[in-house]
There are 2 protein chains.
Amino acid sequence: MKTPLRLAAVLALSAALPCLADEGMWLFSAPPRARLEKAYGFNPSDAWLQHVMRSSVRFNSGGSGSFVSADGLVITNNHVGLDALQKMSNESTNYVRDGFYAATQAQEVKCLDLELNMLESTEDVTARVNAAVPAGADANTAFLARRNVIAEIEKESHDKTGLRSDVITLYQGGAYHLYRYKRYTDVRLVFSPEQQAAFFGGDPDNFEYPRYDVDICIFRVYENGKPLHPDDYLKWSAEGPRDGELVFVSGNPGRTERLFTGAQTAFLRDTSAPFIQSVLKRRDVLLTSWSARSDENARRAKEDLFGIRNSRKFYDGLLSGLQDPAIIDAKDEAETSLKDKAAPLAGGADTLEAYRRIAAAEGTYARVYARYRLLESGLGFNSELYDIARTLMRAGDERPKANGDRLPEFAEQKKDSLELALFSEKPIYDDLETLDLADSLTDLTERLGYGDETVRTIMAGKSPRERAYELVHGTHVRDVALRHRLYDGGAAAVSAAKDPMIELARSVDQEARALRRTAEDASEVIQESQAVIGRARFAVLGTSTYPDATFTLRLAYGTVKGYEQDGEHIGSITHFDGLYRRSDEHHGREPFDLPQKWQAARGRVNMATPMDFVFTADIVGGNSGSPTINRDGEFVGIVFDGDIQSLTMDIAYSDAQSRAVSTSSNAIIEALRKVYGVGALADELTSGHR
Amino acid sequence: MKTPLRLAAVLALSAALPCLADEGMWLFSAPPRARLEKAYGFNPSDAWLQHVMRSSVRFNSGGSGSFVSADGLVITNNHVGLDALQKMSNESTNYVRDGFYAATQAQEVKCLDLELNMLESTEDVTARVNAAVPAGADANTAFLARRNVIAEIEKESHDKTGLRSDVITLYQGGAYHLYRYKRYTDVRLVFSPEQQAAFFGGDPDNFEYPRYDVDICIFRVYENGKPLHPDDYLKWSAEGPRDGELVFVSGNPGRTERLFTGAQTAFLRDTSAPFIQSVLKRRDVLLTSWSARSDENARRAKEDLFGIRNSRKFYDGLLSGLQDPAIIDAKDEAETSLKDKAAPLAGGADTLEAYRRIAAAEGTYARVYARYRLLESGLGFNSELYDIARTLMRAGDERPKANGDRLPEFAEQKKDSLELALFSEKPIYDDLETLDLADSLTDLTERLGYGDETVRTIMAGKSPRERAYELVHGTHVRDVALRHRLYDGGAAAVSAAKDPMIELARSVDQEARALRRTAEDASEVIQESQAVIGRARFAVLGTSTYPDATFTLRLAYGTVKGYEQDGEHIGSITHFDGLYRRSDEHHGREPFDLPQKWQAARGRVNMATPMDFVFTADIVGGNSGSPTINRDGEFVGIVFDGDIQSLTMDIAYSDAQSRAVSTSSNAIIEALRKVYGVGALADELTSGHR
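It should be emphasised that the depicted structure is a prediction, and the values quoted were computed from it without experimental measurement. (Residues numbered from 1 in each chain as written. Chains lettered and ligands numbered in written order. Predicted model: local features only at pLDDT ≥ 70, side-chain atom pairs only at ≥ 80, totals over all residues. Heavy atoms only, no water.)

1. Topic: the overall build of chain A
Link 1 in the chain: The helix and strand tally for chain A stands at 25 helices and 21 strands.
Link 2 in the chain: Looking at chain A residue by residue over its 690 residues, the buried ones come to 62%.
Link 3 in the chain: Sequence separation of 24 or more characterises 79% of the internal contacts of chain A that already satisfy a separation of 6 or more. (Helix = DSSP H or I, 4+ residues; strand = E, 2+ residues; numbered from the N terminus. Buried < 20%, exposed > 50% of the residue type's maximum accessible area, 1.4 Å probe, protein only. Contact = heavy atoms within 4.5 Å.)

Have a look at this one:
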């Protein structure tokens, strides 16, 4: 499970049902004390909460992690670290396939553009944000006013504290919180297993259980050229997870939309999810086919293919829920029930009007959706070089504007992250670029039509393949020094470069921006209306709820627990012997092949060591790499997946079969000592220091 | 390359260009004598033509083949025989993977439902068909009148001769020929190599060159329980193919539409090809993913996956040509030029009107296209059991009607073929059926919409997965005895069965038939109009042209010849050493792995033996398995593919890089003797008898 492409929306029946069982992704500032106390007799102290919060980190590449030593070790999933591993690999060194271990500090390899954020503190700024919106303002005025004040708050905070400062919209606009993060950009690779050990079973076993993966990647954070000594880090559990015990997940669930109205659900089911899914399936076929032509192709495409297959399976699961009348009917009933209860209350008419406004806005969005995704979100131009070219072109136009007037990704407070990505030295492969761009231009032409005016402009009289070839081989933006010059030189320098890829981006910019405005206006109406419905929901259901996920830090909890499936009991914890058995069943063939070190260790490892385990916590994409913690605040495992049933749980929460999946702390230590022979690293984890 | 899913249309610029170079798929009744004489100094005798014609056979599973011994041996491609191999395999015996050899006549395995047709004679019946259409009849009346007289001619001929009798529409309705075939239904497997030898390089090397495949499958035809002794069979060439020599292809090109108007090209580019391609990519992902879960899954899905990937690559090639302005602009110019030249001639106004009528009909067809393909062509119900259920349901309704009023597939003269397919004992796998049906119901729901009335009827309140499971496990039509009872019992028995799959088919039948009528009406208008344009084209360009392909026997010709690509010369003939080299480059990994027998033969085979070769003949899907013949009428190879450039050649003929690809006769003998140690079979081929 992986965040980046998992944009999808996630629904639940929360509007009708009180929060039950182990549901919820709770704010650290408002933990579910009463529920924990009642169900588990556990009441976390403020110190416990702050310690866990500050031991947790967020990866800008899309995932979560945690500090696990006094000397700056951070652990996350292999698939969260993959982006960094891929960028530091080349034709001769393949960290993804072969894994890595730095025996000495000097051998630790710096990542090219990885950024970690540690949440230092949070502050409620709802009153200030709302005060900035003039009474009776229309949607657009309100949106701009809010964007301005948010930029102002973020800038003030950043200037004052030097910390990354983001204002987060919670409860669909019911609340705004200022989150201050410590940023770490000197992150070095210490250890990675072979991807085959981290992702044993590959796509076929992804989102399935039982599993046998050691899905980890270990980095060390540096500050001023020296290992960081964080104030907080998680102690390693000596025992590991136990069946039936209470565990917590501290991580950054990416996005949920549990307040979706019927109109939003219909848009997701009929418009956005099928569109994205068909793009994913197309790319899956393209890269699978190209990868088969040679080993080097396969290496170059591996990370993209990994993400695509992961997302594609997710959308299959999501759509299967969205097309299930049982779920849709229940959701409709919940909506009707909420409307009935809200109507007689103060503002009842506004609530009903909010539903209508959402339906109208979704209709508008649906009409521009494909064009918007292809031309503005870049699905029609699947190319790293295009992304760079467009960023340079837009940076020239946006940076001279007042901070609050810019497109949000060019705001002053996002500058560091933007530049880190823009000036990345990560390798770009012309053959893969041409392949991806040609196929996405073909898709663009199919969807918008060969005769479409914009398509004709884009294609410039060439076939998609010819056009992609000439753009990829004609552009100079692969040169990082040139990127610096154009970025520093601004719009004039960018224009003067007459770079074909930049000019392509410019040729669609006017229409792309117009589409974005239409989409954002619709989105703004939806957000405003959701906030109205959100307030009505609070009025009806009380305040004991959690906000939708926003890729910010949350606390989830649950029980280590198996489940029943097709009349069979699936146990909660797998063990090393299961790994070897499953590989044997498939004759050791890919993706059930074992790396050489694992084959060699067969006689050495303790077959009864716990490997992976499942539990009932409420997680989604973005939680990948989150620590799983016991009530003593100790690290007992690391979340790396949800089972296949959890994909439908995203629409309707259930703890019947839906489970989060973690690699156990025991498996990590056993593998480090017996398989990889890196006892020093195992010692650092178990003792908490070098 | 394979016919069944290769429905696609194929275009050329023939309207503007005289037939050049080695273009053309010629009727045996009108061979290109003048062109052959001029280019090659060769004038085939009538005896030569009849001998080649009667040595050729058509496979009803979609492909071509030829008699190659006096004792009834027929050779075709492994991928044409695949359907039969798959049907005779089961969990313990895998003919596809392991290959097969019958050392004795008793060991030869009878195919379940394979039918071969040998073209015995042809007769021009144009005058009789045209006479049956009342003067001034509208399109529908003309269509029905023509359907009636065709059914009458076919029935008469069948009653008189006992031969399968098909009236073939040629030159877009410019001519109608009655083809009489000998049918052979007792066809037994003699030899097949491992699929890995036949399809070495798999999907990555498909449509590529150089190639190293021995893509063959050898059957023996029986009649009255004894080996057939055909009057005609091809003698085996002692020498094999030579670079630069003239060769012929005698086979059944599936379908071309080289007379497409701009409106038809636009429909193909913007509507039908993208639709089919997205269905193919979806199924590719589904089956690739499912196959990876277990070896048995992979075996069950193998044949379908093979066909899907083949077609998917074809559509990628086709769309790349359709989106190429150079090709489209040239085609537009050709159309304008033909219109300009035809306008002043007699009937010029009708010709221009024909273009307009085609555009209008394509518009009508485009509006119903997705619904028609999903509901009537069955893309929304991807299930063998559904196909059987619908055939039973419709047979009950259609068979009591007059022969000429029936849907064509239920006409009396198609009865034998229909029953062979309907009562096939081929295995049906519930898990694969459920998987396929659930995914196609999901696709149906996405495309037509969750709220669509017909979709709601189909889904019956269930999710696609639940509905597919209940249908597959609830139907009884997998029982062949039951199929016989319902078929014999007619509509009343079919209704009384209350079988859920049959009832599903019935629930959409009214709408499906209406869609079919709309599509057929549009198609009829297009055909009529094409005939008008076709006549104008003859008036302008003369009669020295060939008709579009119709999956009937044609003669093509060309030169054994390499080509230039990216500055490199690709030689015309590969050799055994190249096979071993390519496998080594990929470390012997799938799909570049060599079967055990080929590994063992490495020291034994003559590495200089010709393996595959390319030549300039004009072929398309359906030609798979066609014999490649030298001017002495000897077998020098067997067509199994076209190179990637030939996919664009389908739109604009060229002999620059487009090539047909054959396995050489030499490779077949070397493999039989040295790799498989089956000298007796090699002797039968080279001597022509047992």
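After that view of the structure, there is still more to cover.
2. Quick notes on helix 1 (residues 33-40) of chain A
Count 3.6 residues to each turn of an α-helix, and residues three or four apart come out pointing the same way.
Residues and elements named next belong to chain A.
Link 1 in the chain: Inspection of helix 1 places Arg35, Leu36 and Tyr40 among the buried residues, and these make up the whole buried set. Each buried residue of helix 1 lies within a common arc of 95° when the element is viewed along its axis, so the set occupies one face. Among the exposed residues of helix 1, those oriented more than 90 degrees off its buried face are Ala34 and Lys38.
Link 2 in the chain: The secondary structure elements touched by the buried residues of helix 1 are strand 13 (246-251) and strand 14 (554-559).
Link 3 in the chain: Directly after helix 1, the chain includes Gly41, whose backbone phi takes a positive value near 60°. (Arc of directions from axis to C-beta.)

3. As for the environment of Thr445 of chain B
Link 1 in the chain: Mapped onto the secondary structure, Thr445 of chain B falls in helix 15 (residues 430-448).
Link 2 in the chain: On the accessibility criterion, Thr445 of chain B (3% relative accessible area) is buried.
Link 3 in the chain: It is 8.9 Å that separates the C-alpha atoms of Thr445 of chain B and Arg456 of chain B, two residues lying 11 residues apart in sequence.
Link 4 in the chain: Once residues lying within four places of it in the same chain are set aside, the contact partners of Thr445 of chain B are Gln323 of chain A together with Tyr450, Val455 and Met459 of chain B.
Link 5 in the chain: Within the structure, Thr445 of chain B has its side chain in polar contact with the backbone oxygen of Leu441 of chain B (distance 2.8 Å). (Polar contact = N/O pair within 3.5 Å; in protein donor to acceptor, adjacent residues only side chain to side chain.)

4. Observations concerning the packing of helix 9 (residues 262-291) of chain A against helix 12 (residues 348-376) of chain A
Helix packing geometry: the angle between the two helix axes and the distance between the axes.
Residues and elements named next belong to chain A.
Link 1 in the chain: In the contact formed by helix 9 and helix 12, the axes pass within 10 Å of each other and the chain directions differ by 10°. Viewed along their axes, helix 9 and helix 12 adopt a mutual orientation that is roughly parallel. Facing helix 9, whose interface residues are Ala263, Gln264, Phe267, Thr271, Ser272, Phe275 and Ile276, helix 12 presents Ile358, Ala359, Glu362, Tyr365, Ala366, Tyr369, Ala370, Arg373 and Leu374.
Link 2 in the chain: Of the residues in the contact of helix 9 with helix 12, the class split is 11 nonpolar, three polar and two charged. (Axes fitted to C-alpha atoms, helices over the stretch in contact; angles between N-to-C directions. Parallel < 35°, antiparallel > 145°, perpendicular 65-115°, else oblique. Nonpolar A, V, L, I, M, F, W, Y, C, P; charged D, E, K, R; others polar.)

5. Quick word on the relation of the copies chain A and chain B
Link 1 in the chain: The operation relating chain A to chain B is a screw motion whose rotation component is 180°, with 0.1 Å of axial translation and a residual RMSD of 0.1 Å. Those values place the two copies in the arrangement expected of a two-fold rotation axis.
Link 2 in the chain: Of all interface residues in chain A, 100% are interface residues in chain B too; the two copies therefore contact each other through one and the same surface. (Least-squares fit on C-alpha atoms with pLDDT ≥ 70 in both.)

6. A few points about the pairing of strand 1 (residues 56-59) of chain B
Note on strand geometry: in a regular strand, side chains alternate between the two faces of the sheet.
Residue and element names in this part refer to chain B.
Link 1 in the chain: Neither face of strand 1 is open: one carries Ser56 and Arg58, the other Val57 and Phe59, and all of them are buried.
Link 2 in the chain: Connecting strand 1 to the antiparallel partner strand 2 (residues 63-67) that follows it, the hairpin turn spans three residues, and Gly62 within it adopts a positive phi of roughly 105°.
Link 3 in the chain: Summarising the sheet, strand 1 and strand 6 (residues 116-124) pair through two bridges and their orientation is antiparallel. Its bridge partner being in strand 6, Arg58 is matched across the sheet by Asn117. (Pairing = 2+ DSSP bridges.)

7. Some words on unusual backbone geometry
All names here are of chain A.
Link 1 in the chain: Here Tyr209 and Pro210 are connected by a cis peptide whose omega angle stands at 5°.
Link 2 in the chain: Note that Pro210 resides in the loop between helix 8 (202-205) and strand 10 (217-223).
Link 3 in the chain: Although it is not a glycine, Lys498 sits at a positive phi angle of roughly 45°.
Link 4 in the chain: The class of Lys498 is exposed, set by a relative accessible area of 66%.

8. Considerations on the pattern of salt bridges
Residues and elements named next belong to chain B.
Link 1 in the chain: Across all of its chains, the model carries 129 salt bridges over all chains by this definition.
Link 2 in the chain: In this structure, Arg478 engages Asp430 in a salt bridge whose closest nitrogen and oxygen atoms are separated by 2.8 Å. Of the two residues, Arg478 sits in the loop between helix 17 (464-474) and helix 18 (480-497) while Asp430 sits in helix 15, which places them 48 residues apart along the sequence.
Link 3 in the chain: A relative accessible area of 31% places Arg478 in the partly exposed class. (Salt bridge = Lys/Arg side-chain N within 4 Å of Asp/Glu carboxyl O.)

9. Some remarks on the environment of Gly622 of chain A
Residues and elements named next belong to chain A.
Link 1 in the chain: With respect to the secondary-structure elements, Gly622 resides in the loop between strand 18 (610-615) and strand 19 (627-629).
Link 2 in the chain: The class for Gly622 is buried, based on a relative accessible area of 0%.
Link 3 in the chain: Separated by 72 residues in the primary sequence, Gly622 and Thr550 place their C-alpha atoms 9.4 Å from one another.

10. Considerations on the environment of Gly321 of chain B
Residue and element names in this part refer to chain B.
Link 1 in the chain: Here Gly321 shows up in helix 10 (residues 295-322).
Link 2 in the chain: Residue Gly321 is classed as buried on the basis of its relative accessible area of 1%.
Link 3 in the chain: The spatial distance from the C-alpha of Gly321 to the C-alpha of Arg269 is 9.3 Å, given a sequence separation of 52 residues.

11. Topic: the packing of aromatic side chains
Link 1 in the chain: A complete count under the given rule lists 50 aromatic pairs over all chains for this structure.
Link 2 in the chain: Ring centres of Tyr179 of chain B and Tyr181 of chain B lie 6.3 Å apart, and the angle between their planes is 55°; this geometry places the pair in the tilted category. By the burial criterion, Tyr179 of chain B is buried, and Tyr181 of chain B matches it.
Link 3 in the chain: An angle of 35° between the planes, with centres 4.5 Å apart, marks the rings of Phe199 of chain B and Phe306 of chain B as tilted. With a gap of 107 residues between them, Phe199 of chain B in the loop between helix 7 (195-198) and helix 8 (202-205) and Phe306 of chain B in helix 10 connect regions that are remote in the sequence. Grouping residues by exposure puts Phe199 of chain B and Phe306 of chain B together as buried.
Link 4 in the chain: Its end group placed over the ring of Tyr181 of chain A, Arg58 of chain A keeps NZ or CZ at 4.6 Å from the ring centre.
Link 5 in the chain: Arg399 of chain A extends its terminal NZ or CZ atom over the ring of Tyr487 of chain A, reaching a point 3.9 Å from the ring centre. (Phe/Tyr/Trp six-rings, centres within 6.5 Å; stacked < 30°, edge-to-face > 60°. Lys NZ or Arg CZ within 6 Å of the ring centre and 35° of its normal.)

Nothing here speaks to function; it is geometry throughout.
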